[in-house]
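Geometric and topological summary
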Amino acid sequence: MASGGVSVASLWTEVNRCGQNGDFTRALKAVTKILQENRDDVTALNCKIVCLVQTGSFKEALNVMNLHSKTLSSDMAFEKAYCEYRLNRVESALKTIEAAPEQTDKLKELYGQVLYRLERYDDCKSVYTDLIRNSQDEYEEERKTNLAAVVASMSQWEEAPLEDLGLPESTYELCYNAACALIGQGQLTESLNKLRQAEELCRVSLADDSDVTEEDIESELAVIHSQMAYVMQLQGRTDEALQLYNQVIKLKPSDVGLLAVTANNIITINKDQNVFDSKKKVKLTNAEGVEYKLARKQLQAIDFNKALLAMYTNQADQCRKLSSSLQSQNPGHPRPVLIQVAQLCREKQHGRAIELLQQFSDQHPESASGIKLTMAQLYLIQGHVTKACDVLKSIEEFKHKSGMISALVTMYSHEEDIDGAIDIFKQAIDHYQSEQPGSAAHLALVREAANFKLKYGRKKEAISDLEQLWKQNPKDIHTLAQLISAYSLVDTDKAKSLSKHLPSADTMALKVDVDELENSIGATYVRKKAAKVIGENLPKEPIQQGEIKKKKKKKKGKLPKNCDPKATPDPERWMPMKERTYYRGKKKGKKKEQVGKGTQGATAGASAELDASKTASSPPTSPRPGSASGSSTAPASNVVPPRQQKPAAPGATRKKAPQKKKKGGKGGW
């Protein structure tokens, strides 16, 4: 009899009934009462662990298993490993599975999940392939989906070639994984088509369920849309990608991994622009549990972008802290060092940046190619061209590439070190002579070397290159001519002997009919044009009887206004006033007429007409003195500025011509 007067048998009946109904909370209460009577009851302990797992209490279930490890048998290996896996103790889960006495099918399923989380994709693929081959149940489609996810991860993160495993694409999950595998292979157009196919399959499969709303469908499609946006971003369609990314963010999906990846990709589109939006988006990448949802390379990319965002927002200390942390986590990766160098360059510390690059290059020579290129760029910024050339020549990976040879020759030429540039050509030609003799790259390099030497007057040194080119193609007349020209300075006899290989003048002459060329339309047109320029007197056509010859009227020159044609023009009118003979300078000592002085309305007669305070905004209420008789009002905009109007004579009347009102002008100014 248990406490409270309830028998143990009835409690077991309650446990059984609740287990069948899926009510594991009530079943857990009943099991707890049973264990109060017998704390070492193995069956009750097993039931309690199952109830705790079903209710999501993984930590408590693991504590029970560890506390009663001696009492419980090894049959609980799956439950223990599962709890460790759900608590993100993946390494412990792997040890528990490997230590199990028997590898059951459910343990193998969990083993595949653990290996996938640990990014051991080859082993994971083997586990799922074996399960699919040896199992036939209702979970076969899920296993194929997991296997497709493994193949896609190998393609994306390990750049492994695609392997045809005969997986179907009947569901949207399988189709989505196939698209991800194509992205890893760089087949962006095909992957985008596959993602659209997955979107259609998802809509069709969820539309049959009456309980699924449109919001649920959009939430399920969020991962597909985010991947479609990523493909568009890789294709350079950033505006379309950004629109899709923002749609996914607005949905607020429950998957923190999806939110983090989407926000990170928006930050990469923003770059150094719209940093306020990037600072808001970066918070989504710091959500709890993100590190358990994403692959190692995804987390690494997010951390790199955080450091770059700190640099763009002028948070120098934060940038240095993040980049130093990244360097400690990835000691052989060059990107953290490059971020630190970029921050130092923003602070104008180019010398310290070069020291940091040199230090990394010495410690990690296998990753030094990109570092040395950056170092050479910094030397060029400082004007140290020779040092930049020395750094570039030390990169064995690019030493004999055409781009590197071109850059080195250009820099040596800029420094007027022609011998150094010729030496670069010589080393490259020797390399191709031993590795790829007679190849197109080898001959092109010899041609460029010969042209360079001829350009700078090194004809003697160009002879060997020209001879090599001519031997490869004896019909090349241009090379032969260059060779003869070079030999003419060294060995005239050799030049004469080579000139015998030149074709005769008859073979080189162009077979042109001169008469036909002169009579052609183009030649006739040119001849007529030349005749007009030379000014030859062409015979005039005779005027037929009854035809009147039109005379061209000469246009009369325009005279200035107020010009008296009878008066003799001033011969000094083109000279400045101060340089004319009759200029006597400004008259000094005479008082100017007092215009506009005193209070408004103090003057009478013509003075009132010169009052500039009466503007268009305040029209007069009575006729002005001096206005035409019979005129009752006049617009104020007609007032001529005082500096342009002479005072009217007493008693004189003058009719004002109407003028258009000037925009924005008060008082006519």
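Starting afresh in each chain, residues are numbered from 1 along the sequence in its written order. Reporting of local features is limited, given that this is a predicted model, to residues whose pLDDT is at least 70; pairs of side-chain atoms are given and counted only at 80 or more, and all residues count toward the totals for whole chains, interfaces and linings. Only hydrogens and water are removed before side-chain values are computed, so all heavy atoms of the structure are retained for them.

The protein chain is annotated in an unreviewed UniProt entry as Signal recognition particle subunit SRP72 from Zoarces viviparus. Its UniProt record gives the protein chain the following Function (unreviewed entry) comment, quoted word for word: "Component of the signal recognition particle (SRP) complex, a ribonucleoprotein complex that mediates the cotranslational targeting of secretory and membrane proteins to the endoplasmic reticulum (ER)." Listed under Sequence similarities (unreviewed entry) in UniProt, the entry text for the protein chain is "Belongs to the SRP72 family." UniProt positions are given in the numbering used here, feature names are shortened, and annotations may be inferred rather than shown by experiment.

Examining unusual backbone geometry
One non-glycine residue, Asn274, lies in the positive phi region at around 50°. Strands are runs of DSSP state E lasting at least 2 residues, helices are runs of H or I lasting at least 4, and numbering of each runs from the N terminus. When you line up the elements, Asn274 lands in the loop between helix 14 (256-270) and helix 15 (275-281). Relative accessibility decides the category of a residue: with a 1.4 Å probe and only protein chains considered, values under 20% of the type maximum give buried, values over 50% give exposed, and everything between is partly exposed. A relative accessible area of 46% means that Asn274 is categorised as partly exposed. The backbone phi angle of Glu416 is positive, close to 60°, even though this residue is not glycine. Mapped onto the fold, Glu416 is located in the loop between helix 22 (402-414) and helix 23 (418-435). Judged by relative accessible area, which is 69%, Glu416 ranks as exposed.

Some words on the side chain of Asn305
Summarising the element assignment, Asn305 is placed in helix 16 (residues 296-312). Residue contacts are defined here by distance: any two heavy atoms, one from each residue, within 4.5 Å place the two residues in contact. Contacts of Asn305, omitting those with residues within four sequence positions, involve Asn264 and Thr268.

So, the pattern of salt bridges
By definition, a salt bridge exists where a carboxyl oxygen of Asp or Glu is found within 4 Å of a side-chain nitrogen of Lys or Arg. Under the defined criterion, the tally for this structure stands at 20 salt bridges. The salt bridge partner of Asp123 is Arg120, with a shortest N-O separation of 3.0 Å. Residue classification places Asp123 among the partly exposed residues on the basis of a relative accessible area of 36%. In this structure, the salt-bridge partner of Arg203 is Glu199, at a minimum N-O distance of 3.5 Å. Taken together, the residues Arg203 and Glu199, both in helix 11 (residues 188-207) and 4 residues apart, mark about one turn of the helix. Through salt bridges that share partners, Glu199, Arg203, Glu214 and Glu218 make up one connected network.

Focus on helix 18 (residues 334-346)
Across its 13 residues, helix 18 extends 19 Å between first and last C-alpha, which sits within 8% of the 18 Å expected from 1.5 Å per residue. Among the residues making up helix 18, those that are buried are Pro336, Val337, Ile339, Gln340, Val341, Gln343 and Leu344. Where helix 18 is buried, its residues meet helix 16, helix 17 (316-329), helix 19 (350-363) and helix 20 (368-382). Trailing helix 18 by a residue or two, Lys348 shows a phi angle of about 65°, which is positive. Expected helix span is computed as 1.5 Å times (number of residues minus one).

Some words on the UniProt feature "repeat: TPR" (unreviewed entry) in the protein chain
In the numbering used here, UniProt assigns the feature "repeat: TPR" (unreviewed entry) to residues 222-255. In the segment residues 222-255, helix accounts for 79% and strand for 0%; the C-alpha atoms at its two ends are 10 Å apart.

A short note on the packing of aromatic side chains
Between rings of Phe, Tyr and Trp, where Trp is taken as its six-membered ring, a pair exists when centres lie within 6.5 Å; planes separated by under 30 degrees are stacked, by over 60 edge-to-face, and by other angles tilted. All chains considered together, the criterion is met by 5 aromatic pairs. Ring geometry for Phe78 against Tyr82: centres 6.1 Å apart, planes inclined by 20°, an arrangement best described as stacked. Of this pair, Phe78 and Tyr82 both sit in helix 5 (residues 77-86), 4 residues apart, roughly one helical turn. Taking the centre distance of 4.8 Å and the plane angle of 50° together, the rings of Phe452 and Tyr456 count as tilted. Cluster of aromatic residues (ring-pair linked, three or more members): Phe58, Phe78 and Tyr82.

Examining the packing of helix 19 against helix 20
At a closest axis distance of 9 Å, the pairing of helix 19 and helix 20 adopts a crossing angle of 155°. Classed by the angle they form, the pair helix 19 and helix 20 counts as roughly antiparallel. As for how helix 19 packs across helix 20, the hand of that crossing is left-handed. Touching His350, Gly351, Ala353, Ile354, Leu357, Gln358, Phe360 and Ser361 of helix 19 are Ala368, Ile371, Lys372, Thr374, Met375, Leu378, Tyr379, Ile381 and Gln382, all from helix 20. Residues are sorted three ways: Asp, Glu, Lys and Arg are charged, Ala, Val, Leu, Ile, Met, Phe, Trp, Tyr, Cys and Pro are nonpolar, and all the rest, Gly among them, are polar. When the residues that make up the contact of helix 19 with helix 20 are grouped by side-chain class, the tally is 10 nonpolar, 6 polar and 1 charged. Only C-alpha atoms enter the line fits that serve as axes; for helices the fit covers just the stretch in contact. Angles between N-to-C directions range over 0 to 180 degrees. Throughout this description, any angle smaller than 35 degrees is read as roughly parallel, any larger than 145 degrees as roughly antiparallel, any in the 65 to 115 degree range as roughly perpendicular, and the remainder as oblique. Helix crossings are classified by the rotation of the near helix relative to the far one: an anticlockwise turn of less than a right angle makes the crossing left-handed, while a clockwise turn makes it right-handed.

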